[in-house]
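# Analysis of the macromolecular model
The chain contents come next:
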Amino acid sequence: MRSMQIAPMPIPGHIDPVPVPREVTPRADGRIDLIGLARPQIAALLLTAGLDAKAAKLRAKQVFHWLYHRGVTDFEAMTDIAKTMRPWLAERFVIGRPEVVEAQVSTDGTRKWLLRTADAHDFEMVFIPDATRGTLCVSSQVGCTLNCRFCHTGTMRLVRNLTPGEIVGQVMLARDVLGEWPKGSMAGLDFDEPEEDEPAADYTPDGRLLTNIVMMGMGEPLYNFEHVRDALKLVMDGDGLALSKRRITLSTSGVVPMMARAGEEIGVNLAVSLHGVTKEVRDEIVPINRKFGIEDLLQACADYPGASNARRITFEYVMLKDKNDRDSDAHELVRLLRQYDLPAKVNLIPFNPWPGAPYDCSTPERIRRFAKIVFDAGISAPVRTPRGRDIDAACGQLKTAAERKSRAEIDRLAEDKQAALG
Ligand code: SAH
Ligand code: SF4
């Protein structure tokens, strides 16, 4: 049974989420892009294309392995599929990747890609390497359903939800670029008799650049729940991209009604964009708070399946000068986390400015003082170093180039108006 699509609830003011659901991006040549599809969906397509049920199931399993575990982009590379069948597949299907419009590298090694969907919508992906890990920051929507006031993506209109293929496609593209598909032999992998409980293929993230994924690019992942879930299932599948759910984090601005399902059906680490501890402030900076308040949000966190001291919930807190950065805010934050008995870690994010942003970043002394109060209460409170600022890749700076241009035009218009007024 297909689960219910969430109907976003109206939020007063200019912040109503208006997602445009779309399962797959239609292709002009009529072929179907297999990326984003699970085994049963691939099998169903093969069945429709003329294979019998047993063959469809077997071929789907083989194709799945080549697509998601080995990362091949050409049916000819699928060596355990009969030579004559490969062109048959290529006539009907494609193995897609998001189109790369632009790739940039920051002086600190952070990389950003401007990507384009088959129907010409631009979105962004960021890769952040550091000493011990490499984190891919993946987008879930083109634009965002919501309008957090400090976030550049929030100033874009929502164009549409990304499909499962466009979401998992980002991770696959990153593996292409980093050259990180497993290259070992196929020996030992027996495809003759598909078994339900075949062990996960021999694959570990050790020594790889891309070790972690965060759903923290453009968009609110829980307003595109099913596509994000389906994509992450492919990422976590032992015969797919085979990344552990412990290395994946989903960040939400607080879509409370979807949090339990996220825990049950996806089961990855949870990050929550808290950013404010009073209704007044959070209503202003994270407007979804007007719909789902702080108490409901923290209760949903307390109920999140799988949260424990070993798997803490991350609370993101952007440091905005004279807005949410007083000592009393820090004390209230500690009080709230204790009240709900949350296994918590607080990430303090210095505000990353963008042209026309209505806030400033707190001073370094203020951030240090805030961090100390939280830390002294026994809660880990690292201050995040902004990465990739020179290429606008830092948190909350993602906004596509095309949109940025129009923003620059808007800024120029505003300046002209000022000048005209004398
Ligand atoms: N939509 C999701 C995930 C994407 S944003 C969410 O809001 O959680 C990833 C993180 O960056 C969020 O915590 C977001 O609030 C934060 N962020 C957004 N704009 C920012 C900015 N300009 N400076 C610092 N952090 C920002
Ligand atoms: Fe959307 Fe997250 Fe930005 Fe808010 S912070 S506008 S939810 S991307």
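Scope of this entry: the structure provided in the associated data block.

Cut-off values and rules
- Residues numbered from 1 in each chain as written.
- Chains lettered and ligands numbered in written order.
- Predicted model: local features only at pLDDT ≥ 70, side-chain atom pairs only at ≥ 80, totals over all residues.
- Heavy atoms only, no water.
- Helix = DSSP H or I, 4+ residues; strand = E, 2+ residues; numbered from the N terminus.
- Buried < 20%, exposed > 50% of the residue type's maximum accessible area, 1.4 Å probe, protein only.
- Contact = heavy atoms within 4.5 Å.
- Areas by Shrake-Rupley, 256 points an atom, 1.4 Å probe, with all protein chains shown as cover.
- Pairing = 2+ DSSP bridges.
- Axes fitted to C-alpha atoms, helices over the stretch in contact; angles between N-to-C directions.
- Parallel < 35°, antiparallel > 145°, perpendicular 65-115°, else oblique.
- Left-handed = near helix turned anticlockwise from the far one by under 90°.
- Nonpolar A, V, L, I, M, F, W, Y, C, P; charged D, E, K, R; others polar.
- Salt bridge = Lys/Arg side-chain N within 4 Å of Asp/Glu carboxyl O.
- Phe/Tyr/Trp six-rings, centres within 6.5 Å; stacked < 30°, edge-to-face > 60°.
- Lys NZ or Arg CZ within 6 Å of the ring centre and 35° of its normal.
- Near = heavy atom within 4 Å.
- Polar contact = N/O pair within 3.5 Å; in protein donor to acceptor, adjacent residues only side chain to side chain.
- Expected span 1.5 Å × (residues − 1).
- Bend = angle between axes of the 7 residues up to and from the residue.
- Core = buried A, V, L, I, M, F, W, Y, C linked by side-chain atoms within 4.5 Å.
- Domains from an automatic or database assignment.
- Right-handed = clockwise from strand over helix to strand, strands pointing away.

### Structural notes on the overall build of the chain
Along its length, the chain carries 11 helices and 13 strands. Evaluated residue by residue, the chain yields a buried proportion of 51% over its 422 residues. By sequence separation, contacts in the chain at least 24 residues apart represent 70% of the contacts at least 6 residues apart. When the accessible area of the chain is evaluated, it comes to approximately 19,200 Å², of which 53% is carbon and sulfur surface.

### Digging into the sheet that holds strand E10 (residues 248-252)
Pairing is mixed across the open sheet formed by nine strands, whose spatial order is E3-E4-E5-E6-E9-E10-E11-E12-E13. This sheet does not close on itself; its edge strands, each paired only once, are strand E3 (99-105) and strand E13 (344-350). Looking at each pair of strands side by side, their axes are set apart by 20 degrees on average, direction ignored. Across three bridges, the pairing between strand E6 (residues 134-137) and strand E9 (residues 212-215) is parallel. When the bridges of E9 are listed, Leu 136 appears paired with Ile 213. In this fold helix H4 (residues 164-178) packs onto E3, strand E4 (111-116), strand E5 (122-129), E6 and E9, with an angle of close to 50 degrees to the strand it touches most, E5.

### A word on the packing of helix H9 (residues 327-339) against helix H10 (residues 364-376)
Between H9 and H10, whose axes approach to 9 Å, the crossing angle comes to 30 degrees. Taken as axis vectors, H9 and H10 run roughly parallel relative to one another. In this structure, the crossing between H9 and H10 has a hand that is right-handed. Residues Asp 327, Asp 329, Ala 330, His 331, Leu 333 and Val 334 of H9 lie in contact with H10, whose contacting residues are Arg 366, Arg 369, Phe 370, Ile 373 and Val 374. A breakdown of the residues in the contact of H9 with H10 according to their chemical character gives six nonpolar, one polar and four charged.

### Side note on the pattern of salt bridges
If you walk through the whole model with that rule in mind, you get 23 salt bridges. Note that Lys 372 and Asp 376 form a salt bridge whose closest N and O atoms lie 2.6 Å from each other. Residue Lys 372 and its partner Asp 376 are located together in helix H10, separated by four residues, close to a single helical turn. A residue is classified by how much of its surface remains accessible, and Lys 372, at 46% relative accessible area, is partly exposed.

### As for the packing of aromatic side chains
Summed over all chains, the structure comprises two aromatic pairs. Between the NZ or CZ atom of Arg 39 and the centre of the ring of Phe 64, over which it lies, the distance is 3.9 Å. In this structure, Arg 175 packs its charged tip against the face of Trp 181, placed 5.2 Å from the ring centre.

### Structural notes on the site of ligand 2
Taken together, Cys 144, Leu 146, Cys 148, Cys 151, Gly 154, Gly 219 and Ser 253 form the complete shell of residues around ligand 2. Taken together, the residues of the shell around ligand 2 sort by class into four nonpolar, three polar and no charged.

### Examining the side chain of Asn 347
Inspection of the secondary structure puts Asn 347 in strand E13. The class for Asn 347 is buried, based on a relative accessible area of 11%. A polar side-chain atom of Asn 347 sits 3.1 Å from a polar atom in the side chain of Arg 384. Aside from chain neighbours lying at most four places away, what touches Asn 347 is Thr 314, Phe 315, Glu 316, Tyr 317, Pro 382 and Arg 384.

### So, the pairing of E3
In the case of a regular strand, side chains alternate between the two sheet surfaces. In this sheet, E4 lies alongside E3 in antiparallel orientation, the contact comprising six bridges. The residue bridging Glu 99 from the neighbouring strand is Arg 116, located in E4. Here E3 hands over to E4 after five residues, with Gly 109 in that stretch at a positive phi of 95 degrees.

### Considering the environment of Val 374
Within the fold, Val 374 resides in helix H10. Sequence-wise, Val 374 and Val 346 are 28 residues apart; in three dimensions their C-alpha atoms are separated by 8.1 Å.

### Points about H4
Its 15 residues place the ends of H4 21 Å apart at the C-alpha level, agreeing with the 21 Å of an ideal helix rising 1.5 Å per residue. Approximately 30 degrees is the largest bend angle found in H4, and it occurs at Gln 170. In terms of residue burial, H4 counts as a mostly covered element, since 13 of its 15 residues are buried. One or two residues past the end of H4 sits Gly 179, with phi positive at roughly 65 degrees.

### Section: the site of ligand 1
Near ligand 1 there are 21 residues, and of these Phe 150, Gly 219, Ser 251, Ser 273 and His 275 occur at the shortest range. Asn 352 is positioned such that a nitrogen or oxygen atom in its backbone is 2.9 Å from a nitrogen atom of ligand 1. With the chains in place, 96% of the 530 Å² that ligand 1 exposes on its own is no longer accessible. For the shell around ligand 1, the secondary structure elements donating two or more residues are E10, strand E12 (313-319) and E13. Here the residues of the shell around ligand 1 are counted per class, giving 10 nonpolar, nine polar and two charged.

### Topic: the nonpolar core
Note that soluble globular proteins tend to have their nonpolar side chains buried in a common cluster. Phe 150 and Phe 315 are the most contacted members of the largest nonpolar core, which totals 118 residues. For this core, the domains that each give at least three residues are domain 1 (9-94) and domain 2 (99-178 + 210-410). Beyond its immediate stretch of four places on either side in the chain, Phe 150 contacts His 275, Ile 285, Val 286, Val 318, Leu 320, Phe 351, Trp 354 and Tyr 359.

### Things to note about the environment of Ser 308
Tracing the backbone shows Ser 308 in the loop between helix H8 (294-302) and E12. A relative accessible area of 29% means that Ser 308 is categorised as partly exposed. Measuring from C-alpha to C-alpha, the distance between Ser 308 and Pro 343 comes to 5.7 Å, with 35 residues separating the pair along the chain.

### Some remarks on the pairing of E13
Burial of E13 is extensive: six of the seven residues sit out of reach of the surface. For E12 and E13, the ladder comprises seven bridges, and the chain directions are parallel. Looking at E13, one finds that Thr 314 is bridged to Lys 345. Read from E12 through H9 to E13, the crossover connection turns out right-handed.

These values are about where atoms sit, not about what they do.
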